[in-house]
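One-letter residues, chain by chain:
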Amino acid sequence: MNAKTMIRVLAVGAVLTFGSAAWAQTARPPHIMVLFDTSGSMLLNLAGTAFTGGDGSSSPAPGGELCCPGWDGESSRMFIAKDVLREVVWSVGEDEVVFGLASYQQTEGAPWGQCSEVFPGYCAPSGGPTSCNTWWDSTYCPSNETMPMPYTAGDCSTAALDGGSILVRYTDSSPPADILEWVDTHEAWRGYAGGTVVNRELRADGFTPLAGATLTLESYFAGLAGASAPCEQFAVILTDGGQSPQCDNHGFAEDAAAALEARGVTVYVIAFAISDSDPAALDTMDWMAIYGGTEFARRANSRDQLRAAFAEIIEDAIQVEVCNNYDDDCDGLTDEDLYRPCSTA
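Residues numbered from 1 in each chain as written. Predicted model: local features only at pLDDT ≥ 70, side-chain atom pairs only at ≥ 80, totals over all residues. Heavy atoms only, no water.

## Thoughts on the state of the cysteines
Throughout the structure, instances matching the rule amount to one disulfide. The disulfide partner of C156 is C247, and the gap between their sulfur atoms is 2.0 Å. Note on the C156 and C247 pair: the S-S dihedral is about 80°, so by sign convention the disulfide is right-handed. Of this pair, C156 sits in the loop between β10 (151–153) and β11 (164–168) while C247 sits in the loop between β14 (233–239) and α6 (253–262), placing them 91 residues apart in sequence. With relative accessibility at 3%, the residue C156 sits in the buried group. (Disulfide = S-S within 2.5 Å. Helix = DSSP H or I, 4+ residues; strand = E, 2+ residues; numbered from the N terminus. Buried < 20%, exposed > 50% of the residue type's maximum accessible area, 1.4 Å probe, protein only.)

This is the structure:
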């Protein structure tokens, strides 16, 4: 059986399963850098009809306040996308794929303020209580103590604030834990009012700097070279919308995808929770995929569709040896581990 046929997405509630001895000896597994949308709209529900007030997180902040569950946070795009990414990273062996993680540009650990001022996007009145700040303070922050806003976004006002942040970089032995701490719905700080973060978490705040963030990936991949570089390089751009008009310092997202592809990086785009009523955004996603070498954007409007999109991408990324006088799986051997005799003479 071809190894790729063993990749499958099971029924609702199950996990993704990947694995085969056909690539078990891979010396330099493919590298997939996931650009995760951290814009404020990720706090919407999948249908885009209401804010959820949070992202389903359940960790106490430094002063003991419960940070960011929201009134319907487990229905947020942020919670669902993090949950699926967590499943994917857990399910794929380190010797099969090495993942990296990037987000839209954010600054860690500032500012500090009163509880109701900390996460304005996490406490939007649409779809929630009439007085959001009163609800937030009385429910999660009764003492209204000072606490950090862990991740604040750039405002795209300059090119320097219109880009992405590389959170987990490629190494041959990047442990899954490096990514999982960003998507485990927990955040921990050592100290208080200026303490050190010890368990980070993806948060939704700010605009969608799609071109700038994609060019951040291009610069990142430009730095991967030499014998220790990944055999094959892929970028997965997960976004719930097109580029914000405020974030045009770096031009069109399609051109940024083309620059990334010119680096030898295959670009996949997942159009997450984007309705057919937004054809302009879907058109942008498709053109990014076309310029990135993958023909079309993968649509994902549910948890299962998002799982399926990742499974398809990983199936494409994992290289399997075939009879062609070429080291397909980058293990230093040519045409090995085949099930039939091979001749390329």
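## So, the layout of surface pockets
In this approach, a probe sized like a water molecule rolls over the atoms, and the result shows the empty space that is left. Here the largest pocket defines a volume of roughly 160 Å³. Lining the largest pocket we find G241, G242, Q243, G251, F252, A253, E254, D278, A280, A281 and T284. At the level of elements, α6 and α7 (279–291) are the ones that each hand at least two residues to the lining of the largest pocket. In terms of residue class, the lining of the largest pocket is built from four nonpolar, five polar and two charged. (1 Å grid on protein atoms, 1.4 Å probe; cavity = no way out; pocket = protein on both sides within 12 Å on 5 of 7 lines; lining within 4 Å. Points joined across faces, edges and corners; volume = space filled by probe spheres on them. Nonpolar A, V, L, I, M, F, W, Y, C, P; charged D, E, K, R; others polar.)

## A few points about the packing of α6 against α7
Between α6 and α7, whose axes approach to 8 Å, the crossing angle comes to 20°. In terms of orientation, α6 lies roughly parallel with respect to α7. Viewed along their axes, α6 and α7 form a crossing whose handedness is right-handed. In this structure, α6 uses A253, E254, A257, A258 and E261 to contact α7, whose residues at the interface are T284, W287, M288 and Y291. Taken together, the residues of the contact of α6 with α7 break down into six nonpolar, one polar and two charged. (Axes fitted to C-alpha atoms, helices over the stretch in contact; angles between N-to-C directions. Parallel < 35°, antiparallel > 145°, perpendicular 65-115°, else oblique. Left-handed = near helix turned anticlockwise from the far one by under 90°. Contact = heavy atoms within 4.5 Å.)

## Quick word on the pairing of strand β3 (residues 31–36)
For a regular strand, the rule is simple: side chains alternate between the two faces of the sheet. Buried residues dominate β3, accounting for six of its six residues. Side-chain alternation along β3 places H31, M33 and L35 on one buried face and I32, V34 and F36 on a second face that is also buried. Relative to strand β6 (residues 98–104), β3 is paired through six bridges, and the arrangement is parallel. Its bridge partner being in β6, L35 is matched across the sheet by A102. (Pairing = 2+ DSSP bridges.)

## Some thoughts on the packing of aromatic side chains
Evaluated as defined, the whole model comprises three aromatic pairs. Note on Y220 and F221: the rings are 5.1 Å apart at their centroids and 70° apart in plane angle, and the pair reads as edge-to-face. F221 matches Y220 in its accessibility class, with the two residues each being buried. Lying across the ring of F296, R298 places its NZ or CZ 4.4 Å from the centre. (Phe/Tyr/Trp six-rings, centres within 6.5 Å; stacked < 30°, edge-to-face > 60°. Lys NZ or Arg CZ within 6 Å of the ring centre and 35° of its normal.)

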